[in-house]
Amino acid sequence: KFLATAATALALSASTAFAACDPGEIVIKFSHVTNTDKHPKGIAATLLAERVNTEMNGKACMEVFPNSTLYNDDKVLEALLQGDVQLAAPSLSKFETFTKQFRLFDLPFMFKNMEAVDAFQNSETGQSMKDSMQRRGLQGLAFWHNGLKQMSANVPLISPTDAKGLKFRVQPSDVLVAQMEAIGGNPQKMAFSEVYGALQQGVVDGQENTWSNIYGRKFFEVQDGVTETNHGIIDYLVVASVDWLDNLPEDVRDQFMTILGEVTATRNAEAFAVNEAAKASILEAGGVIRQLTPEQRAEWVAAMKPVWEKFRDDVGQENIDAAQAINA
Ligand code: LMR
């Protein structure tokens, strides 16, 4: 009995730690996989919840479940469709079973920097991509930035040939599989929450991710070093189910979308700085970061870029052209 009471008390305090949802309020559960501080998504999710819980008090309340505590990214889209959670923000690499359009964002060296990503997403083409999964019951609401990806392994990576024969964890995206194969690596799809253990135990030798994820999950501690390749991006789609959105009272939906739009603009403008701070924290913690000369970087471009050819039909030449026009 005591144990049961203690468990109830714990559950209660845990749920009140997220938000005090009052009876009658529409509960918005937001499940994601990263840490909350020094992370573009973590910070944005917290800000969104704070604003909803203050400004929509009495109408709606948001509970955020970070760090894969509720769902991994491979389960969260199903959970949205089941109505178990109402909001998620998986990386664009994790929608492959719902749409092939986002493959564009995984193609290596497609965008020269995050401003180019931002401009593309805010173009008509980019905005229409948010609607690409409506038939499957999902509605994209906003693109959230993380940043550019870096490569790490248990050996120094200077030339792409250094990656030959190494096992790399990738997100569940066939483009990323092809990219690692292009440099002679053995890619393995794996959930984010398992990467640290897999690197530590040598299940995989390396991985690619942004500074904020490499710092937030301490990957640098179990790697020889991180090479600043900036070879791709990790960005997110804030997503809900079509059903849930349709059933919201109009004023609630409008207010929520206004807040989400403002949080998106505010936090996307800070995402680069958040990643730079994470990079500095890696160095402070004794992590090794390696830079490439322009010639060395050109080798990575030459090795990885042929992957575009394989996915041209999926992503559409006109979308590649639009992205490249923004880079110019
Ligand atoms: C990953 O799986 O590496 C990332 O998508 C995690 C995240 O949400 O940033």
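Draft legend 1. View of the site of the ligand. In the vicinity of the ligand, the contacting residues are Val-33, Thr-34, Lys-41, Ser-91, Lys-94, Arg-169, Gln-171, Phe-192, Asn-209, Asn-213 and Tyr-236. One of the side-chain N or O atoms of Lys-94 is found 2.6 Å from an oxygen atom in the ligand. At 2.8 Å from an oxygen atom of the ligand is found a side-chain nitrogen or oxygen belonging to Asn-209. Protein chains shield 100% of the accessible area of the ligand, which is 270 Å² for the free molecule. More than half of the atoms of the ligand fall within 2 Å of the grid points belonging to the largest cavity. Grouping the constituent residues of the shell around the ligand by class yields 3 nonpolar, 5 polar and 3 charged.

Draft legend 2. Broad picture of the pattern of salt bridges. For the coordinates displayed, the defined rule picks out 12 salt bridges. Its salt-bridge partner being Arg-51, residue Glu-55 comes within 2.8 Å of it at the nearest N-O pair. With Glu-55 and Arg-51 both in helix 2 (residues 40-55) and 4 residues apart, this pair spans about one turn of that helix. Residue classification places Glu-55 among the partly exposed positions, given a relative accessible area of 38%. Among the salt bridges present, the one from Asp-74 reaches Lys-75, with a minimum N-O distance of 4.0 Å. Relative accessible area serves as the criterion here: at 54%, Asp-74 is assigned to the exposed category.

Draft legend 3. Spatial organisation of unusual backbone geometry. Even without glycine at this site, Asn-67 takes up a positive phi of about 55°. With respect to the secondary-structure elements, Asn-67 resides in the loop between strand 2 (60-65) and helix 3 (73-82). Phi is positive for Lys-218, which is not a glycine, with a value near 60°. Assignment of secondary structure puts Lys-218 in the loop between helix 9 (211-216) and strand 9 (225-227).

Draft legend 4. Quick peek at the layout of surface pockets. The volume enclosed by the largest pocket comes to roughly 310 Å³. Taken together, 20 residues make up the lining of the largest pocket; nearest its centre are Asp-73, Asp-74, Lys-94, Thr-97 and Pro-172. For the lining of the largest pocket, the element with the highest residue contribution is helix 3, accounting for 4 residues. Each residue belonging to the lining of the largest pocket can be placed in one class, and the counts come to 7 nonpolar, 3 polar and 10 charged. Considered as a void within the structure, the second largest pocket measures approximately 170 Å³ in volume. Around the second largest pocket, the lining comprises 14 residues; the ones closest to its centre are Asn-122, Lys-130, Ala-142, Phe-143 and Thr-264. Mapped onto the lining of the second largest pocket, the elements with two or more residues apiece are helix 5 (114-122), strand 4 (138-148) and helix 11 (250-268). Broken down by element, the lining of the second largest pocket gets its largest block of residues, 5 residues, from helix 11.

Here is what the cut-offs are and how they apply
Residues numbered from 1 in each chain as written. Predicted model: local features only at pLDDT ≥ 70, side-chain atom pairs only at ≥ 80, totals over all residues. Heavy atoms only, no water. Near = heavy atom within 4 Å. Polar contact = N/O pair within 3.5 Å; in protein donor to acceptor, adjacent residues only side chain to side chain. Areas by Shrake-Rupley, 256 points an atom, 1.4 Å probe, with all protein chains shown as cover. 1 Å grid on protein atoms, 1.4 Å probe; cavity = no way out; pocket = protein on both sides within 12 Å on 5 of 7 lines; lining within 4 Å. Sits in = over half its atoms within 2 Å of the grid points. Nonpolar A, V, L, I, M, F, W, Y, C, P; charged D, E, K, R; others polar. Salt bridge = Lys/Arg side-chain N within 4 Å of Asp/Glu carboxyl O. Helix = DSSP H or I, 4+ residues; strand = E, 2+ residues; numbered from the N terminus. Buried < 20%, exposed > 50% of the residue type's maximum accessible area, 1.4 Å probe, protein only. Points joined across faces, edges and corners; volume = space filled by probe spheres on them.

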